[in-house]
Amino acid sequence: MKKLILIGFMGAGKSTLGRRIHQRYGTPLIDLDGWIERHEGKGIPQIFEEKGEKGFRKLEREALEILSDQLGEHWVLSCGGGTPVYRDNMEQLSKMGTTIYLKSPPEELLLRLKPQRKTRPLLKDIPEENLEDFIGQMLKERAPIYEKAHVILHSYEWTSFIENLDQGASA
Ligand code: S3P
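Residues numbered from 1 in each chain as written. Predicted model: local features only at pLDDT ≥ 70, side-chain atom pairs only at ≥ 80, totals over all residues. Heavy atoms only, no water.

## Let's talk about the nonpolar core
Stated formally: What makes a nonpolar core is a set of buried Ala, Val, Leu, Ile, Met, Phe, Trp, Tyr and Cys residues whose side-chain atoms join them at distances within 4.5 Å. Relative accessibility under 20% of the residue-type maximum defines a buried residue, over 50% an exposed one, and the middle range a partly exposed one, all with a 1.4 Å probe and only protein chains included. The way it works is that DSSP assigns letters per residue, a run of H or I at least four long becomes a helix, a run of E at least two long becomes a strand, and they are numbered from the N terminus. Throughout, a contact is declared for two residues whenever any of their heavy atoms are within 4.5 Å.
Core analysis: the largest hydrophobic core is formed by 46 residues, its most contacted members being Ile5, Ile7, Phe9, Leu17, Ile36, Leu77 and Leu93. At eight residues, the largest contribution of residues to this core is made by helix α3 (residues 44-70). Among residues more than four places away in sequence, those in contact with Ile36 are Ile47, Phe56, Leu59, Glu60 and Ala63.

This is the structure we're talking about:
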């Protein structure tokens, strides 16, 4: 598996797993949000503010198109939580490589996202008491698309996968 595409909800650990694979195997890592930020010269929150979510989705799609032309034979791509959900991005991703859905239960996502919600454009205006319902609802809408991935990795599986990588690295 040489072309790996990590998808899943915000806070599922896509960037973390991507970084670990990169550190352990030297696999070139592309973080899609990071790529867009560098390309635009501004952060994701600012892009949302200036162009709205629609503008961001357009940039996200353009980034995918550019990357699918430019990427070589061996890489790991960590996507944004919404990347597969818009247009035919999921089909596009599935053609580019092996899609891996990092699946986490909503209660785990809530724990991770609660302290970071102010920095996330889609969550920053959701009152804390509504966050659980919001995440549950959004996950329910997105899950059927995420589940189309070639591989589904549950959080407990990939957490131990990371631990094995770490033990291997220090051995
Ligand atoms: C989004 C997830 C974010 C980022 C943007 C939109 C989403 O990425 O792309 O804020 O729609 O779920 P992460 O999943 O890396 O946080």
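## Section: the site of the ligand
The cut-off we apply is this: Consider each residue's heavy atoms; a residue with any of them within 4 Å of a molecule or strand counts as near. Two N or O atoms count as a polar contact when they lie within 3.5 Å, although within protein this holds only if one can serve as hydrogen donor and the other as acceptor, and sequence-adjacent residues are included solely when both atoms are side-chain atoms. The method behind every accessible area is Shrake-Rupley, applied with a 1.4 Å probe, and residues are considered shielded solely by the protein chains displayed.
Taken together, 14 residues surround the ligand, and among them Lys14, Arg57, Gly81, Arg120 and Arg142 come closest. Contact between the ligand and Lys14: an oxygen atom at 2.8 Å from a side-chain N or O atom of the residue. A distance of 3.2 Å is found between an oxygen atom of the ligand and a backbone nitrogen or oxygen belonging to Gly82. Here the ligand has 380 Å² of accessible area as a free molecule, and 91% of this is covered by the chains. Residue contributions to the shell around the ligand peak at four residues, all from α3.

## Looking at the packing of α3 against helix α4 (residues 89-96)
Note the following rule: Here an axis means a line fitted to C-alpha atoms, over the contact stretch when the element is a helix, while the angle between two N-to-C directions is reported on a 0 to 180 degree scale. For classification, angles of less than 35 degrees are called roughly parallel, those exceeding 145 degrees roughly antiparallel, those between 65 and 115 degrees roughly perpendicular, and all remaining angles oblique. Take the far helix as the reference: if the near one is turned anticlockwise from it by less than a right angle, the crossing is left-handed, and if turned clockwise, right-handed. Following the grouping adopted for this structure description, the nonpolar residues are Ala, Val, Leu, Ile, Met, Phe, Trp, Tyr, Cys and Pro, the charged ones are Asp, Glu, Lys and Arg, and the polar ones are all others, Gly among them.
Here α3 crosses α4 at 20°, and the two axes come no closer than 11 Å. Relative to α4, the element α3 is oriented roughly parallel. As α3 runs across α4, the sense of the crossing is left-handed. Here Arg61, Leu64, Glu65, Leu67 and Ser68 of α3 lie close against α4, whose contacting residues are Asn89, Gln92, Leu93 and Met96. Looking at the contact of α3 with α4 residue by residue, the class counts come to four nonpolar, three polar and two charged.

## Here we look at α3
Note the cut-off: Working rule for helices: expected span equals 1.5 Å times residues minus one. One fitted axis covers the seven residues ending at a residue, a second covers the seven starting there, and the bend at that residue is the angle between these axes.
With 27 residues, α3 extends just 22 Å between its outermost C-alpha atoms, more than 12% less than the 39 Å of an ideal straight helix rising 1.5 Å per residue. Taken as a whole, α3 carries its principal kink of about 110° at Lys51. Within the sequence span of α3, burial applies to Ile44, Ile47, Phe48, Gly55, Phe56, Arg57, Leu59, Glu60, Arg61, Ala63, Leu64 and Leu67. Buried residues along α3 sit in contact with β2 (29-31), α2 (32-40), β3 (75-78), α4 and α6 (131-146).

## Concerning unusual backbone geometry
For Arg87, which is not a glycine, the phi torsion comes out positive at approximately 45°. Here Arg87 lies in the loop between β3 and α4.

## Considering the sheet that holds β3
Here is the rule we go by: Two strands are counted as paired when DSSP detects at least two bridges linking them.
The five strands are arranged β2-β3-β1-β4-β5 in an open sheet whose pairing can be described as parallel. Every other strand in the sheet has two partners, leaving β2 and β5 (151-154) as the edge strands with one partner each. Ignoring which end each strand starts from, the neighbouring axes of this sheet average 20° apart. Of the pairings in the sheet, the one linking strand β4 (residues 98-103) to β5 comprises four bridges and is parallel in character.

## Digging into the pattern of salt bridges
The line we're drawing: The term salt bridge refers to a pairing of a side-chain nitrogen on Lys or Arg with a carboxyl oxygen on Asp or Glu at a separation within 4 Å.
According to the stated counting rule, one finds eleven salt bridges in the structure shown. Among the ionic pairs, Lys58 bridges to Glu62, the shortest N-O distance being 3.4 Å. Taken together, the residues Lys58 and Glu62, both in helix α3 and four residues apart, mark about one turn of the helix. Look at Lys58 and you get exposed, because its relative accessible area is 51%. A network of salt bridges, in which partner residues are shared, links Glu53, Arg57 and Glu60.

## A few points about the environment of Arg24
Along the polypeptide, Arg24 turns up in helix α1 (residues 14-25). Residue Arg24 is classed as partly exposed on the basis of its relative accessible area of 34%.

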